[in-house]
Amino acid sequence: MERLQKVIANAGVTSRRKAETFIEEGRVKVNGKIVRELGSKVSAHKDTVEVDNIPIDKEEPVYYVFYKPKQVISAVRDDKNRKVVTDYFEEVEERIFPIGRLDYDTSGLLLLTNDGDFANLMMHPKNKIFKTYIAKVKGKPSKENIGLLIKGIDIEGIKTAPAKVKIKSTNKKNNSSIIEISIHEGRNHQVRKMFEAIGHPVLKLKREKYGPITLDKLNPGEKRVLKPVEVKKLKESAVT
Ligand code: URA
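Residues numbered from 1 in each chain as written. Predicted model: local features only at pLDDT ≥ 70, side-chain atom pairs only at ≥ 80, totals over all residues. Heavy atoms only, no water.

**Focus: the nonpolar core**
- Ranked by size, the top nonpolar core spans 29 residues in total, and within it I181, M194 and F195 carry the most contacts.
- Breaking this core down by element, the ones donating at least two residues are β7 (63–68), β9 (107–113), β10 (131–138), α4 (143–151), β14 (176–183), α5 (190–197) and β15 (202–210).
- Lining this core are residues from two domains, each supplying at least three of them: domain 2 (63–126 + 218–237) and domain 3 (131–210).
- Once residues lying within four places of it in the same chain are set aside, the contact partners of F195 are A135, V137, L149, I179, I181, H200, P201 and V202.
- Counting residues in each nonpolar core, the second largest holds 18 residues, with I99, Y210, L226 and A238 among its members. (Core = buried A, V, L, I, M, F, W, Y, C linked by side-chain atoms within 4.5 Å. Buried < 20%, exposed > 50% of the residue type's maximum accessible area, 1.4 Å probe, protein only. Helix = DSSP H or I, 4+ residues; strand = E, 2+ residues; numbered from the N terminus. Domains from an automatic or database assignment. Contact = heavy atoms within 4.5 Å.)

Now the structure itself:
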């Protein structure tokens, strides 16, 4: 929290001295209410400050890669009070939100940002950004079934776009297989539904890659700031 006049000055609106005058003159609103006290403390990121009814500069964009653990909601709040991804970002002042979602029981790579344009670019269906998942599935899918996933399979009346699919290993004893699958669409529960459609339900699912971005050395619950070059690469990979 910082003094109101400092927040206004830091946003480049005017000098700190003049900001004080603006406050005394009733020209400054915090969260919609006129504030005349010079000592008022505000958060530059969480409070809305307006001078002459014009919001001062918005936040700098920030970009994170996060290793979502299982049993965490990909949202900023939850009605049922379950853990949400932003609980792992309490020290981050910017109003960040997840780009897309992973299921409650899916772990892995999730991007978060406060940059709405960037999020829209990443999620726009015309931008074919491949996301790679490692799925543990029941049984061992046949070559024909893998072929169906690669070519596209009917899910709720709509064929999925071509996928890249590789069987990594099979465990006969546990009757399960580990499969790497890359898709660029983001339909609800898509990977689970694709495997369900070939009769090999998903037992465990993790997202390992989002376009050129990997989890690297992150552990579940950990995050890192994306480097500007990584943000640039993501934007480039969104260009079809
Ligand atoms: N596909 C799924 O089925 N679940 C996810 O969380 C992501 C992709």
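**Considerations on the site of the ligand**
- Lining the immediate surroundings of the ligand are L102, D103, T106, Y133, H189, Q190, V191, R192 and L205.
- In the model, an oxygen atom of the ligand is placed 2.9 Å from a nitrogen or oxygen of the T106 side chain.
- Residue R192 places a main-chain N or O atom 3.0 Å away from an oxygen atom belonging to the ligand.
- Contact with the protein chains hides 96% of the accessible area of the ligand, taken as 230 Å² for the molecule alone.
- Considering each element in turn, the shell around the ligand owes the most residues, 3 residues, to α5.
- Looking at the shell around the ligand, its residues break down into 4 nonpolar, 3 polar and 2 charged. (Near = heavy atom within 4 Å. Polar contact = N/O pair within 3.5 Å; in protein donor to acceptor, adjacent residues only side chain to side chain. Areas by Shrake-Rupley, 256 points an atom, 1.4 Å probe, with all protein chains shown as cover. Nonpolar A, V, L, I, M, F, W, Y, C, P; charged D, E, K, R; others polar.)

**Side note on the domain arrangement of the protein**
- Under the domain assignment, the protein is made up of domain 1 (2–55), domain 2 (63–126 + 218–237) and domain 3 (131–210).
- One C-alpha centre belongs to domain 1, the other to domain 3, and the line joining them spans 53 Å.

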